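# Residue-level structure breakdown
The lines below spell out each chain.
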Amino acid sequence: MVAIIVHGGAGTIKKEERIPKVLQGVREAVLTGWKELRRGSALDAVEEAIKALEDNPIFNAGTGSVLTIDGKVEMDAAIMRSNLNAGAVASIWGVKNPISVARKVMEKTDHVLLAGEGAVRFARLMGFDEYDPTTEERVEQWKELREKLLKEGNITHWKKISKLIKEYPEVLRSTVGAVAFDGEEIVAGTSTGGVFLKMFGRVGDTPIIGGGTYANEFAGASCTGLGEVAIKLALAKTAVDFVRLGLNAQKASEAAIELATKYFGNDTMGIIMVDREGNIGFEKNTKHMSVAYMKKGMKKPFTGI
Ligand code: ASP
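Description of the structure in this document. In this text the structure is predicted, and so the values were computed from the model without any measurement.

Time to look at the packing of helix α8 (residues 235-244) against helix α9 (residues 249-264). It is at 8 Å that the axes of α8 and α9 come closest, and there the two elements cross at 135°. The orientation of α8 relative to α9 falls into the category oblique. Considering how the two elements wind past one another, α8 and α9 form a crossing that is right-handed. Within the contact between the two elements, α8 uses L235, T238, A239, F242 and V243 and α9 uses A249, A252, A255, A256 and L259. A class-by-class count of the residues in the contact of α8 with α9 yields nine nonpolar, one polar and no charged.

Okay, here's the thing in structure tokens:
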């Protein structure tokens, strides 16, 4: 049963007037992916759905990525197929669609993950043009948040991030992901600008295979939320293992988020999944996580937040 689900990030959307735009964004992305899925390729479906989200400045991936503590965009992305082929980029800058560079890493190199300068050089080699994903809105938010946090003297340690996120939910912002099953293979992908005010060089869960992104013959998963949590719990792989042990995608998503809550509390994680039966799953312990999905037989996408 073919199916695709996308997410637009877990967290709290403080300005509720943004919600319709966010829902429209995930809806458009799932329809873009669905078009490719109907042509038969979960790989193209995931890449194209994520590109649509990266190109939409409302989401924190590609154009509209959040800024590091020193005001730069450093993006992470990964894509993985159920045959265990995988490609990822970490702390990449100056490209429009990190997910497409991640796919090239998978297809054109012997490696899984390229980072920083090397990832940028590889992207140029592959013909990706120079592009600045920084938007004015993000620069304004960065200034505001940085000032607010500096005043409170609360940003020196990432150990304080959970507290920080509780006080300033806008620190976590709308990463994007997609998981699809085309009847033969499952593909999962995730793309992000990371977490606001992250340290330079900080890499989140998104490009860590098994952390924020994973797929095998049982299921695929894409995580969103506080990357450090997903890395420590190897959350995407753990969720997929739950399917291997007999849960469906929904139950596995719930079990994964239960685990995140148990160890790291609420307001930390969200996940989307598709299993090899084409079941969809999604769960979060944050206030919001925008999702949209399509399955065979549905006339229009489900969207929710
Ligand atoms: N998981 C991403 C990261 O930590 C952020 C997010 O999902 O909002 O980089």
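What follows deals with the pattern of salt bridges. A full pass over the atoms with the stated rule returns 16 salt bridges. A salt bridge links R103 to D44, with the nearest nitrogen and oxygen atoms 2.7 Å apart. Pair noted here: R103 is in helix α3 (residues 98-108) and D44 is in helix α2 (residues 42-54), with a separation of 59 residues, a long-range link. The partner of R103 in a salt bridge is E47, and the shortest N-O contact between them spans 2.6 Å. Highlighted residues: R103 in helix α3 and E47 in helix α2, separated in sequence by 56 residues. Take R103 and E47: they sit in the same class, and that class is buried. Beyond isolated ion pairs, a larger network of salt bridges with shared partners links D44, E47, R103 and E107.

The next thing to look at is the environment of V291. Tracing the sequence through the fold places V291 in strand β11 (residues 288-295). Note on V291: relative accessible area 0%, which makes it buried. With 67 residues separating them in the primary sequence, V291 and T224 have C-alpha atoms 11 Å apart. If sequence neighbours within four positions are ignored, V291 has contacts with I5, V6, H7, V26, I272, F282, F302, T303 and G304.

This brings us to the nonpolar core. Counting 52 residues, the largest nonpolar core has I4, V6, L37, I79, V89, I92 and V101 as its most contacted members. Setting aside residues up to four positions removed in sequence, I4 forms contacts with V30, G33, W34, L37, A45, A49, V179, A180, I280, A292, Y293 and M294. Core analysis: the second largest hydrophobic core is formed by 39 residues, V179, A215, L235 and F242 among them.

Taken together, 12 residues are adjacent to the ligand, and T175, R202, D205, T224 and G225 come closest. Contact with the protein chains removes 100% of the 270 Å² of surface that the ligand exposes when unbound. Split by residue class, the shell around the ligand holds two nonpolar, seven polar and three charged.

Of all seven residues that make up strand β8 (residues 219-225), seven are buried, and the element is covered over most of its length. In β8, alternate side chains face the same way, and those of A219, A221, C223 and G225 on one face and G220, S222 and T224 on the other are all buried. The turn joining strand β7 (residues 213-215) and β8, which pair antiparallel and follow one another in sequence, is formed by three residues. Where β8 lies against strand β9 (residues 269-275), seven bridges are found, and the strand directions are antiparallel. The partner of C223 across the bridge, within β9, is I271.

In spatial order, the strands read β7-β8-β9-β10; together these four strands make up an open sheet with antiparallel pairing. Both outer strands of the open sheet, β7 and β10 (280-284), are each paired with one neighbouring strand and no more. Neighbour to neighbour, the strand axes of the sheet diverge by 10° on average, direction disregarded. The pairing of β7 with β8 spans three bridges and is antiparallel. Residue pairing for β8: T213 is matched across the bridge by S222.

Between its terminal C-alpha atoms α2 stretches 18 Å, which fits the 18 Å expected from 13 residues at 1.5 Å a residue. Taken together, the buried positions of α2 are A42, L43, A45, V46, E47, A49, I50, L53 and E54. Residues of α2 that are buried sit in contact with β1 (3-11), α1 (19-38), β2 (75-81), α3, β5 (176-181) and β6 (186-192). If you check the start of α2, you find a side-chain oxygen 3.3 Å away from the backbone N of L43, and it comes from S41.

A word on the packing of aromatic side chains. In this structure the tally under the stated criterion is three aromatic pairs. Pairing Y293 with F302 gives two aromatic rings, centres 4.9 Å apart and planes at 25°, and the pair type is stacked. Judged by its relative accessible area of 17%, Y293 falls in the buried class. Taken together, F282, Y293 and F302 form an aromatic cluster joined through their ring pairs.

What counts, and where the lines are drawn
Per chain, residues are indexed from 1 in the order of the written sequence. Reporting of local features is limited, given that this is a predicted model, to residues whose pLDDT is at least 70; pairs of side-chain atoms are given and counted only at 80 or more, and all residues count toward the totals for whole chains, interfaces and linings. Side-chain calculation: all heavy atoms of the structure are included, whereas hydrogens and water are not. Axis lines are fitted to C-alpha atoms, over the contacting stretch for helices. Their N-to-C directions set the angle, which ranges from 0 to 180 degrees. Put simply, DSSP marks the helices as runs of H or I at least four residues long and the strands as runs of E at least two long, and each gets a number from the N terminus on. For classification purposes, an angle smaller than 35 degrees is called roughly parallel, one larger than 145 roughly antiparallel, one from 65 to 115 roughly perpendicular, and anything else oblique. We call a crossing left-handed when the near helix sits turned anticlockwise from the far one by less than a right angle, and right-handed when that turn is clockwise. Contacts are residue-level and defined by heavy atoms, with any inter-residue pair within 4.5 Å sufficient. We call Asp, Glu, Lys and Arg charged. Ala, Val, Leu, Ile, Met, Phe, Trp, Tyr, Cys and Pro are nonpolar, and the rest, Gly among them, are polar. Here, a salt bridge means any side-chain nitrogen of Lys or Arg that lies within 4 Å of a carboxyl oxygen of Asp or Glu. Burial classes follow relative accessibility: with a 1.4 Å probe on protein chains only, a residue under 20% of its type's maximum area counts as buried, one over 50% as exposed, and anything between as partly exposed. Put simply, a nonpolar core is a bunch of buried Ala, Val, Leu, Ile, Met, Phe, Trp, Tyr and Cys residues held in one set by side-chain atoms that sit within 4.5 Å of each other. One heavy atom within 4 Å of a molecule or strand makes the whole residue count as near it. All accessibility values rest on the Shrake-Rupley procedure with a 1.4 Å probe; residue burial counts only the protein chains present in the view. We treat two strands as partners when DSSP finds at least two bridges between them. Take the residue count of a helix, subtract one, and multiply by 1.5 Å to get its expected span. Pairs of N or O atoms within 3.5 Å make up the polar contacts considered here, provided that, within protein, one atom can donate a hydrogen while the other can accept it, and that residues adjacent in sequence are counted only when both atoms are side-chain atoms. Pairing of aromatic rings covers Phe, Tyr and Trp, the last through its six-membered ring, and needs centres within 6.5 Å; plane angles under 30 degrees mean stacked, over 60 mean edge-to-face, and all others mean tilted.

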